[in-house]
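Chain by chain, the residues run as shown.
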Amino acid sequence: TENIYILAIESSCDDTAAAVLCNNNVLSNIIAGQEVHAQYGGVVPELASRAHQQNIVPVVDQAIKKAGISKKDLNAIAFTRGPGLMGSLLVGTSFAKSLSIGLKIPLIEVNHMQAHILAHFIEDASAKKPVFPFLALTISGGHTQIVQVNSYFDLQILGETIDDAVGEAFDKSGKILGLGYPAGPQIDQLAKLGNPKAFKFSKPKVEGLNFSFSGLKTAILYFIQKETKNNPNFIEQHLNDICASIQHTIVEILLDKLKLAVKQTGITQIAIGGGVSANSGIRTALLNSEKKYGWITYLPKFEYTTDNAAMIGIVGYLKYLNNDFTNQEITASARLKL
Ligand code: KG4
Ligand code: ZN
């Protein structure tokens, strides 16, 4: 059978990314991050779209070059239509549309959240592949969802956050502790040296499979304000324990909801995706759940957890096989639903 080459473009937030896939194999996966946001403690949308405009041509060129193919070999272009920041999405969407005219090849629109889930189906993403139906926990700086995945194209949201995403909970807690942005990976590292039971933060009471993280952030803020009033050096003296306790609380919140989702659906296969699935606490908890609860868990390789274009490419490939193309009328959609 014929090989299908897909060029994939991702620009939904602050990473400009391009990848080339041959069928379900990744030939290249290039990501240009944006340093500019660190000094502001979060992503500045206007600066993000400007940086995407500067990065997109070299990133796409590099992806094609590294793949060892020529533009003429491409069968289709897949791009992130949403959800994400409008200005950022527009850069990738317009670029993909023009390139599709220039190369006379079809366009495929991709939902960023579907891509975080279907990243598991990239050939080298993990040793074993999820079997339908499975539950997907997508946890990132912008999203927190539990999705029932019945097939590649039949995804049903069972629950999601009603306020902050779990990545924001990590990043905002880190900000309170004086850590740089993004704080998630730093909290993860510091937590390894601390006692997860040192401090107790109450968990939110949210019905069903929805999540809430804004209360946790406030609880941490009040706790730190109270403790530093008595001891100005409280944070530096207890940083590892504070981080371990925050991470422990967040992991418990996620696990509680997964347990409920398993109970409600009877599905015991769990896949995770999104930037926060790089977190060692959540990875360990999921691995332990195999023995503890008899779940089968799927943890993708790190490079496919944070935002990347290879995950856009795998959805592009699956849609290509399904003859699911889009046309030049397509526009970016900041609030695109699954
Ligand atoms: O998926 P992603 O790269 O971008 C979004 O779509 O948001 O996720 C970024 C988020 C940030 O909030 C970052 O702090 C968090 O993922 N993150 C982590 C870890 N690595 C990245 N959070 C906790 N532990 C980590 N190891
Ligand atoms: Zn993402």
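The residue numbering used here restarts from 1 in each chain and proceeds along that chain's sequence as written. Chains carry letters from A onward and ligands carry numbers from 1 onward, assigned in written order. Local features are withheld for residues below a pLDDT of 70 in this predicted model, meaning they are given only at 70 or higher, and side-chain atom pairs are given and counted only at 80 or more; totals for whole chains, interfaces and linings count all residues.

### Here we look at unusual backbone geometry
In the segment running from Gly-82 into Pro-83, the intervening peptide bond is cis, with an omega of -5°. Along the chain, Pro-83 turns up in the loop between β4 (76-82) and α2 (86-103). In the segment running from Tyr-181 into Pro-182, the intervening peptide bond is cis, with an omega of -10°. Working definition: helices are DSSP H or I runs of at least four residues, strands are E runs of at least two. Numbering for both runs from the N terminus. Inspection of the secondary structure puts Pro-182 in the loop between α4 (166-176) and α5 (184-191). Of note, Lys-104 is a non-glycine position whose phi angle comes to about 55°, a positive value. One can find Lys-104 in the loop between α2 and β5 (107-111). Using a count of 6 C-beta atoms within 10 Å as the deciding quantity, one classes Lys-104 as exposed. Its identity as a non-glycine residue notwithstanding, Asn-323 has a phi of 55°, on the positive side. The topology assignment puts Asn-323 in the segment after α9 (310-321). In this scheme the burial state of a residue depends on its C-beta neighbours within 10 Å: 20 or more other such atoms mean buried, 12 or fewer mean exposed, and anything in between means partly exposed; the C-beta positions come from the backbone.

### Concerning the sheet that holds strand β9 (residues 269-273)
Strand pairs in the sheet, formed through backbone hydrogen bonds, run parallel or antiparallel to each other. If DSSP finds at least two bridges between two strands, the strands pair. Reading across from one edge, β8-β7-β6-β9-β10 is the order of the five strands in this open sheet, with mixed pairing throughout. A single partner strand is all that each edge strand has here, and the edge strands are β8 (154-160) and β10 (296-298). On average, each strand axis in the sheet is inclined to that of its neighbour by 25°, with strand direction left out of account. Pairing between strand β6 (residues 134-139) and β9: four bridges, direction parallel. Opposite Thr-138, over in β9, you have Gly-273 as the bridge partner. Relative to the sheet, helix α8 (residues 280-293) contacts β9 and β10, its axis offset from that of β10 by approximately 155°. To get an axis, fit a line to the C-alpha atoms, keeping to the stretch in contact for a helix; angles then go from 0 to 180 degrees between the N-to-C directions. Placing C-beta atoms from the backbone, we regard two residues as in contact once those atoms come within 7 Å.

### Side note on the environment of Pro-45
With respect to the helices, strands and loops of the structure, Pro-45 is situated in helix α1 (residues 45-67). In this view, Pro-45 contacts Leu-85 and Gly-87; residues no more than four positions away in its chain are not counted.

### Focus: the packing of helix α6 (residues 214-230) against helix α7 (residues 234-265)
Viewed as axis vectors pointing N to C, α6 and α7 meet at an angle of 160°, and their least axial separation amounts to 12 Å. In this view, α6 runs roughly antiparallel relative to α7, as classed from their interaxial angle. Two packed elements cross with a definite hand, and for α6 against α7 that hand is right-handed. Each of Leu-216, Ile-220, Ile-224, Glu-227 and Thr-228 in α6 lies in contact with α7, whose residues at this interface are Phe-234, Ile-235, Ile-246 and Thr-249. We call two directions roughly parallel when the angle between them is under 35 degrees, roughly antiparallel when it is over 145, roughly perpendicular when it lies between 65 and 115, and oblique otherwise. By convention the crossing between two helices is left-handed if the near helix lies anticlockwise of the far one by an angle smaller than a right angle, and right-handed if it lies clockwise.

### A closer look at the pairing of strand β3 (residues 25-32)
Where strand β2 (residues 16-22) meets β3, seven bridges bridge the pair, whose relative direction is antiparallel. By the bridge assignment, Thr-16 is partnered in β3 with Ala-32. Taken together, β2 and the strand that follows it, β3, pair antiparallel across an intervening segment of two residues, in which Asn-23 is found at a positive phi of about 55°.

### Remarks on the site of ligand 1
For each residue, a C-beta atom is positioned from the backbone; the residue is called near a molecule or strand if that atom sits within 6 Å of it. Around ligand 1, a shell composed of 19 residues is seen, among which Ser-140, Gly-141, Gly-167, Gly-184 and Gly-275 lie nearest. When contributions to the shell around ligand 1 are tallied by element, the ones reaching two or more residues are α4 and α5. We call Asp, Glu, Lys and Arg charged. Ala, Val, Leu, Ile, Met, Phe, Trp, Tyr, Cys and Pro are nonpolar, and the rest, Gly among them, are polar. Across the shell around ligand 1, the residue classes break down as seven nonpolar, nine polar and three charged.

### Section: the UniProt feature "binding site: substrate" (unreviewed entry) in the protein chain
Summarizing the sequence annotation, UniProt attributes the feature "binding site: substrate" (unreviewed entry) to Thr-138, Ile-139, Ser-140, Gly-141, Gly-142, Asp-171, Gly-184, Asp-188 and Asn-279 in the numbering used throughout. Tracing the chain through its elements places Asp-171 in helix α4. Here Asp-171 is in contact with Gly-141, Tyr-181, Pro-182, Ala-183 and Gly-184, once residues within four sequence places are set aside. The contact partners of Gly-184, leaving out residues within four places of it in the chain, are Gly-167, Phe-170, Asp-171, Gly-275, Val-276 and Asn-279. UniProt positions are given in the numbering used here, feature names are shortened, and annotations may be inferred rather than shown by experiment.

### What to know about the nonpolar core
Counting residues in hydrophobic clusters, the biggest one holds 87 residues, and the most contacted among them are Ala-8, Ala-18, Ala-19, Ala-78, Ala-310, Ile-312 and Ile-314. Here the element with the most residues in this core is α7; it accounts for ten residues. Boundaries between domains were set according to an automatic or database domain assignment. The two domains that each donate at least three residues to this core are domain 1 (5-118 + 305-321) and domain 2 (130-299). Among residues more than four places away in sequence, those in contact with Ala-18 are Leu-7, Ala-8, Ile-9, Ile-30, Val-59, Val-60, Ala-63 and Ala-309. By definition, a nonpolar core groups buried Ala, Val, Leu, Ile, Met, Phe, Trp, Tyr and Cys residues that connect through C-beta atoms lying within 7 Å of each other. In this structure, Cys-13, Ala-51, Leu-85 and Ala-332 belong to the second largest nonpolar core, which totals six residues.

### Looking at the sheet that holds β5
The five strands lie next to each other as β3-β2-β1-β4-β5, forming an open sheet whose pairing is mixed. Every interior strand has two partners, whereas the edge strands, β3 and β5, have only one. When strand polarity is set aside, the average angle formed by the axes of neighbouring strands in this sheet is 20°. In terms of strand pairing, strand β1 (residues 5-10) meets β2 through six bridges, oriented antiparallel. Bridge pairing in β2 places Ile-6 opposite Leu-21. Of the strands in this sheet, β1, β2 and β3 touch α1, which is tilted by about 25° from β2. The sheet contacts of α2 involve β1, β4 and β5, and relative to β4 the element is tilted by about 155°.

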